[in-house]
Every structure is written in structure tokens, then in C-alpha cells.
Amino acid sequence: MKILIIEDEQGLREVIRESLEKEKYIVETAHDYISGLDKIGSYDYDCILIDIMLPNGSGLDLLRELKDMHKKEAVIIISAKDAVDDKVAGLNLGADDYLAKPFHLAELHARIKSAIRRNSHDGDNFIAYNNIKIEPDQRLITVDSIPLTLNRKEYDLFYYFMINPNRLINKTAIAESVWGDHTDQADNLDFVYSQIKNLRKKLKDAGAEADIQAVYGMGYKMT
Amino acid sequence: MKLRNYTLRYLIIALLAVIAIWASLFYVVILDEVYDNIDDGLKNSKILIIRETYADKTLLKTTEFGIHQFKIEPLPKGPLYDFSDKFISTFEFMEYDDDNEPVRLLETVFNDSDGNPYKLTIRASMVEEDELLEDLMIALIALYAMLVISIALLNYVILRKAWKSFYMMLDRLKKFRLGTGTTFKAPESSVSEFKVLGRELEDLLQRSETIFTSQKQFIENASHELQTPLAISLNRLELFVENNNLNEEQVMDVAKISDTLSRLVRLNKSLLMLSKIENRQFTDEEMINFNALANQLKEDFEDLSEFKNITIRSITLGELHYMMNKGLATTLITNLLKNAIVHSETSSSIDIVIEKNAVTLLNDGSTALNPDIFNRFTRDLSKEQSTGLGLSIVQSIASIYHLKVEYSYTGKHAFKIIFPTL
């Protein structure tokens, strides 16, 4: 899978590149509007990450160019602004998703995977890990082809782990992704642990070959 | 109109003073003229009478006024008499008026054709001062009244016309809203002062608008600049933990750094929100149903509250609807609810009470809170992750929508937001 990162901040560009390359993605980068446009025009990618605030151009303009060129890549807009107008404008222009900085790497991976999956119309639309399969369109989980019933929050929680297998996920990232932005005060995040305990039990009972472990202080990891 | 009445009031008082002074002067001048006239008449009569006595000696026998308006009294021959004229104002009884009326007398001494001295007294009826005064007063009052009425009328008509453009300017000023991109255009006026005022106002508001926009820009850019290095730091730490085999203690250390950075992120986001609220950058408004909002938020916080075994109850005493920005309405209730949950003990309860014009959040507590909790950055130090800005944001939102936020302690902590009755 090929990903293009168009981001002017070198530090951010590099850390994202490293994280993605760890996931075995092929990563290319651009640092401003012109180099971004250049890369878009010359190559094809599976997913493009565009920062809205770029030197000598706006990320939204790049998005327009992309659509004008009828390119089929999945596009995720990243921005520090978290402004509703930007979000709406971006999504209206055809972006697949919008991420506000700062984001957790796990979140980025999840969004990239979802965007690519939604964008590709060929092939089966599912995520698999060992003997577990999730079909996101139907919100269906099967273990050894036997359906597993989870409540809404448990599904969202598990989906997050499935999309980030073997990665240490920050507990705040999980809380924000599954329960929303209100849950941003760490002394409350123990409730996340109790939900994960329930999830682990259900997985174990279904015979799933996956275990979620707590990494004390940081978060959780599904192996 | 206040300005008109203001000028009118002073005009009327000044007019009164002017007319009073003028009237007194006029009265004195008129009387003087009248006296002069009468005196001239008397002097003329003297000449005629003395001439007549030379022709007709019998006239010298008129010792009483009688039907003549003069009397002649013989004087003993003797020392030198003063032959000058003497004028006296006095009163004499007049049958017609049945009252003492003022008269003017001319007394003089003359020598007849034989050289005998005689005292001649000539009388003339005078203007009755008090009646003159009375008539003058009535005339003046009438004049004053007419002047006042016509001035008031003229005042009304002229001032209205002259100040028309000023009132138009006031109206446009009232409608002007900073930050909405509308420009203030002063209305046309032929009055140079208003022209200058209009121009200065246009400039001033233009400058304010520019400053406001650049401030907005600055805040947004500053936040952007802050978020990026924070993002890089957080992500670098995440990668660090993933890439290296750290022991538990080392992971904990990294976790602490991550948590502190996350706190910075939240602080930055809250500060940004506070400035945006205070700069009125949330302009979209819709009619918010607070009963529905409260229920939705109750659901959102379900897992968190269940974990702490806190029961959240919705008590509906009325329907609350209000026109405001949806995001801000959500933040308003969320912050209060979040505070209630975070600062409540396990196995306690929280009540959300909604009435027709108020929302109250009640939660258990043993002692009342210090009212300075509403100050920025005041926080419960045991809650390490608290930014101390939650309540400040609540207050900022409340102030731009003219809501009142009250805290009271009646065995339970009660945070109440009062909406104005429409």
C-alpha cells in the first residue's frame, strides 16, 4: 500500500512516515503545495494525507486539484485548526475523512485503513486477524465463522483493536475514539479497563485467538 | 426627543430673563418719554397762560383749579423769587374715577404786567403707573407665550430636519456588529459636523474590524503552532514505546510524559475555545431542545458514570428551548455534567433538573465549594488532569447568551444556569 504525506512540519512528517513504514506501507512525502501537486500529478497512491495549512497553497486547493484530475485515492485531511468550516469544506470537496492534530498514531492507522477500505470497491470488505473476521459494513464479527455478539461500545472497542493489531494503543486514544471527546480526563479512564475486561472474557469464551493486554500506565495491546 | 427638549428648556429660561430685562428697560424708557411729553405740554401751557394774563388781567383771579387746569396765587412782594420751573408728581382726587389719580404739576413764579409776583401751578393728568404696568405685563406675557410656542414649533421642525442624518447614523451604529464583515457607512449630511463625525466613525470601525480579524487570525494560528509540536512529541513517544523493549518502569515514565503532554493539548484546546467564544466566533445558531440534549449526554456518559456507580437522574419540570450555537450548548451542559461526575464519590447520584427557564445540576458533596471555582485555572489539585477551565468556559458561554450561572450549596452542590424568559 502506498501512502503520500503532504505536511510542512518536518518533525510530524517524519514520525508519521516511521509509524507507517513500520506497518509495511510504502511512504512518500511532500512538504508544500507545489511539491504535493507534483507528486499527485506524477504518481498514484492508495491514500493521501493532506495538511490544510501548507506554505504557498491550501490543502483544500490540492484536494480540488485531485478531484479535477479524477484521481481515485482515499484522502484524509489533517489540520490543527479543528474548525467546523474546514471540516465541512473538506468533506464536501470529497475528502474521505478529517483528523484534527494532535492525533494518536493508532487513530491515524485506523482512519487510513478505513478510508482505503471504503475507497476500494473490489475485493472483500473485511478485516481479519487470526481466526477472527470483522465485516464493518454489517458490523458483524465472526470467530471461526461463528458470529459473536457484542454491544455497541464493545464492538467499537474491538474494531479499534482489530484495525491496530499488535500495536500499543494509548488509553486516551481508545477513550476518545470509542466514547468521544468528553472522556479526556485520565483519572476516569479506569472505566475503559472494565469494558476491556468484559471484552476479553467474551473473546476468550468464543475461542478467539486474540488477547488484549494492559500495558501498565500507557494503554493496551491486542496480540 | 431629548435633545430638542434640552435646548428648548434653556431657550425658554433665557427668553424669560431676556424679556424681563427688556421689559424693565422698556417700561423705564416709555415712562420717561411720557413724562417728557407731559412736561413739554405743561411748559407750553405756561407760556400760553402767562401771555393770556398780560392780555386779560382777570385771569390773575384764578386762585383755584376749578374748571381750568391751572391756578394763580399772588405772592407777597419781596425777596428774589426763583423763577425756574418746578415739576411735581402727586395725587389728586378725580370725580370720574372716584379715586386719587396721579397728576403732574408745574409750579413756577412769574411777574405780571405790573411787576407783581404770582405763583402759577399748572396740572396735567398722568398715566396711572400701576395700570400701565398691568397692561404692559399682560402684553408681555402674551408676547412671551407666543414666542415660546413659535420657537417650540420651529425648534421641532428645524431640529428634526437638521438631526435627521445624526439619528440615521445612530441607527446604523446600533445595527453594526463587529466581526461579521459588514462595513459601517455614514449617512449623507449637509451639516459639516455630522460629516466629520460620520467619517471618523467609519475609520474607527474599520480599524476595529481589522484588529478583530487579525486577532482571530492570530489566535487560530497560535493554536495551530502549539498543536503541531505537541502532536510530534506525543507521536514520537508512542513510537518510542513501540520500537523499544522497555521494562515496566520505563514504560510508566514514558506514560507520565505522554499524560502531561496530553494535558497540554487539552489546555490549549480549552484556551482556544475560550478565546473563540469571547470573540463571538460561534455565529451559527439554532433552537436547542435542552431536554433532548440532556438525555443524549446522559447516555454518552453512561459507561463512565456506571463505572463509578453514579446514578444520573433526569428530572423534567418543564421544556427548555433556547436559540444558540449547538456546539456551545453541548459544551455548556457537558462541562457541568463532566465536572459533576469527576468530582463525585463512587456510589453517589447526580440530578439533572430541567425547568422552563433553567437547568440545574445537583451532585452530592459534604462541604460547600469556594466561589472562586469560576476563576480561570482554579481547580481541585487532587484531580491532576483537570485544566481548571471547564467552568470558565461555561461562564463565557453563559455571558454571551445573557444566561446566569449560579452555584449554591444546600447539602448538595447545585450548579444552575438561568435562561432569560422570552
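Only a predicted model underlies this, so the values are computations on that prediction, with no experimental measurement involved. (Residues numbered from 1 in each chain as written. Chains lettered and ligands numbered in written order. Predicted model: local features only at pLDDT ≥ 70, side-chain atom pairs only at ≥ 80, totals over all residues. Heavy atoms only, no water.)

### Quick notes on the overall build of chain A
Right, on to step 1. On a plain count of helices and strands, chain A comes out with 8 helices and 14 strands.
Right, on to step 2. Residues counted as buried form 52% of the 223 residues belonging to chain A.
Right, on to step 3. Counting contacts in chain A only where the partners sit at least 6 residues apart, residues at least 24 apart contribute 57% of the total.
Right, on to step 4. Accessible surface, chain A: about 9,800 Å² in total, of which carbon and sulfur atoms supply 46%. (Helix = DSSP H or I, 4+ residues; strand = E, 2+ residues; numbered from the N terminus. Buried < 20%, exposed > 50% of the residue type's maximum accessible area, 1.4 Å probe, protein only. Contact = heavy atoms within 4.5 Å. Areas by Shrake-Rupley, 256 points an atom, 1.4 Å probe, with all protein chains shown as cover.)

### Here's the deal with the interface of chain A and chain B
Right, on to step 1. The interface of chain A with chain B comprises 36 residues on the first partner and 37 residues on the second.
Right, on to step 2. Each partner contributes to the roughly 3,800 Å² buried at the junction of chain A and chain B, and carbon and sulfur atoms together form 59% of this total.
Right, on to step 3. Linking chain A with chain B are 4 salt bridges, by the criterion used here.
Right, on to step 4. In this structure, A:Arg167 engages B:Glu242 in a salt bridge whose closest nitrogen and oxygen atoms are separated by 3.4 Å.
Right, on to step 5. Taken together, chain A and chain B are joined by 8 residue pairs in polar contact (both at pLDDT 80 or more).
Right, on to step 6. Of all the secondary-structure elements, those providing two or more residues to the side of chain A that touches chain B are helix 1 (10-22), strand 12 (168-170), helix 7 (171-179) and helix 8 (190-206) of chain A.
Right, on to step 7. In terms of residue count, helix 1 of chain A provides more of the side of chain A that touches chain B than any other element does, 7 residues in total. (Buried area = accessible area lost by both parts, 1.4 Å probe. Salt bridge = Lys/Arg side-chain N within 4 Å of Asp/Glu carboxyl O. Polar contact = N/O pair within 3.5 Å; in protein donor to acceptor, adjacent residues only side chain to side chain.)

### A look at the sheet that holds strand 9 (residues 132-135) of chain A
All names here are of chain A.
Right, on to step 1. Here we have 4 strands laid out as an open sheet, ordered 8-9-10-11, and antiparallel in their pairing. Two strands in the sheet have a free side with no partner beyond their single neighbour: strand 8 (127-129) and strand 11 (146-148). Averaged over all neighbouring strand pairs, the angle between strand axes comes to 25°, with direction disregarded.
Right, on to step 2. The sheet contact formed by strand 8 and strand 9 spans 3 bridges and is antiparallel. (Pairing = 2+ DSSP bridges. Axes fitted to C-alpha atoms, helices over the stretch in contact; angles between N-to-C directions.)

### Details of helix 4 (residues 248-278) of chain B
Residue and element names in this part refer to chain B.
Right, on to step 1. Over its 31 residues, helix 4 extends 45 Å from the first C-alpha to the last, a length consistent with the 45 Å expected when each residue adds 1.5 Å.
Right, on to step 2. The N-cap residue of helix 4 is Asn 247: its side-chain oxygen and the backbone nitrogen of Glu 249 are 3.0 Å apart.
Right, on to step 3. The first or second residue beyond helix 4 is Arg 280, which carries a positive phi of 55°. (Expected span 1.5 Å × (residues − 1).)

### Some points on the sheet that holds strand 2 (residues 86-94) of chain B
Residues and elements named next belong to chain B.
Right, on to step 1. Pairing is antiparallel across the open sheet formed by 4 strands, whose spatial order is 1-4-3-2. Each edge of the open sheet is held by one strand with a lone partner, namely strand 1 (70-74) and strand 2. For this sheet the average axis-to-axis angle between neighbouring strands, irrespective of direction, equals 30°.
Right, on to step 2. As defined by bridge partners, strand 3 (residues 99-111) adjoins strand 4 (residues 117-125) across 9 bridges and the pair is classed as antiparallel. Looking across to strand 4, one finds that Val 109 is bridged to Lys 119.

### A word on unusual backbone geometry
All names here are of chain A.
Right, on to step 1. Between Lys 101 and Pro 102 the backbone carries a cis peptide bond, its omega angle lying at -5°.
Right, on to step 2. Its identity is not glycine, yet Lys 24 carries a phi of approximately 70°, on the positive side.
Right, on to step 3. Inspection of the secondary structure puts Lys 24 in the loop between helix 1 and strand 2 (26-30).
Right, on to step 4. On the basis of relative accessible area, Lys 24 is assigned to the exposed category, the value being 67%.
Right, on to step 5. Within the chain, Asn 166 stands out as a residue other than glycine whose phi angle is a positive 60°.
Right, on to step 6. Along the chain, Asn 166 falls in the loop between helix 6 (152-163) and strand 12.
Right, on to step 7. A residue is classified by how much of its surface remains accessible, and Asn 166, at 44% relative accessible area, is partly exposed.

### Thoughts on the pattern of salt bridges
Residues and elements named next belong to chain B.
Right, on to step 1. Evaluated as defined, the whole model comprises 32 salt bridges over all chains.
Right, on to step 2. With a closest N to O distance of 3.6 Å, Glu 202 and Lys 185 form a salt bridge. Placement of Glu 202 in helix 3 (residues 192-243) and of Lys 185 in the loop between helix 2 (129-175) and helix 3 is noted, with a sequence separation of 17 residues between them.
Right, on to step 3. Looking at Glu 202, the relative accessible area reads 21%, which means it is partly exposed.
Right, on to step 4. You can call Lys 185 exposed: its relative accessible area is 54%.

### Looking at the nonpolar core
Right, on to step 1. By size, the foremost hydrophobic cluster in this structure holds 79 residues, and its most contacted members are A:Phe158, A:Ile174, B:Phe290 and B:Met324.
Right, on to step 2. Apart from the residues lying within four places of it in its own chain, the contact partners of A:Phe158 are A:Ile132, A:Ile134, A:Ile141, A:Leu150, A:Leu199, A:Leu203 and A:Met222. (Core = buried A, V, L, I, M, F, W, Y, C linked by side-chain atoms within 4.5 Å.)

### A closer look at the packing of aromatic side chains
All names here are of chain B.
Right, on to step 1. As enumerated under the stated definition, the model contains 13 aromatic pairs over all chains in all.
Right, on to step 2. Plain terms: the ring middles of Trp 163 and Phe 166 are 5.0 Å apart, the flat faces sit at 85° to each other, and that makes the pair edge-to-face. Placement of both Trp 163 and Phe 166 in helix 2 is noted, with a separation of 3 residues, approximately one turn of the helix.
Right, on to step 3. According to the relative accessible area criterion, Trp 163 is partly exposed, its value standing at 24%.
Right, on to step 4. Here the aromatic rings of Phe 176 and Phe 184 are separated by 6.4 Å at their centres, their planes lie at 85°, and the arrangement is edge-to-face.
Right, on to step 5. When its relative accessible area of 12% is taken as the criterion, Phe 176 is described as buried. (Phe/Tyr/Trp six-rings, centres within 6.5 Å; stacked < 30°, edge-to-face > 60°.)

### What to know about the packing of helix 7 of chain A against helix 8 of chain A
Residues and elements named next belong to chain A.
Right, on to step 1. Contact geometry for helix 7 and helix 8: axes closest at 10 Å, N-to-C directions at 75°. Judged by the inter-axis angle, helix 7 sits roughly perpendicular to helix 8. Residues Ile 174, Ala 175 and Trp 179 of helix 7 touch helix 8, and the partners they reach there are Phe 191, Val 192 and Gln 195. (Parallel < 35°, antiparallel > 145°, perpendicular 65-115°, else oblique.)

### What to know about a nonpolar patch on the surface
All names here are of chain B.
Right, on to step 1. A contiguous nonpolar patch, built from Leu 3, Tyr 6, Tyr 10, Tyr 167 and Leu 170 and spanning about 450 Å² of accessible area, is present on the exposed surface.
Right, on to step 2. Of all the elements in the fold, those that place two or more residues in the nonpolar patch are helix 1 (2-55) and helix 2.
Right, on to step 3. Counting residues per element, the nonpolar patch draws most heavily on helix 1, which supplies 3 residues.
Right, on to step 4. When its relative accessible area of 42% is taken as the criterion, Tyr 6 is described as partly exposed. (Patch = residues over 30% accessible without salt bridge, like charges linked within 9 Å, V, L, I, M, F, W, Y side chains within 5 Å.)

Any functional reading would require information beyond the geometric quantities listed.
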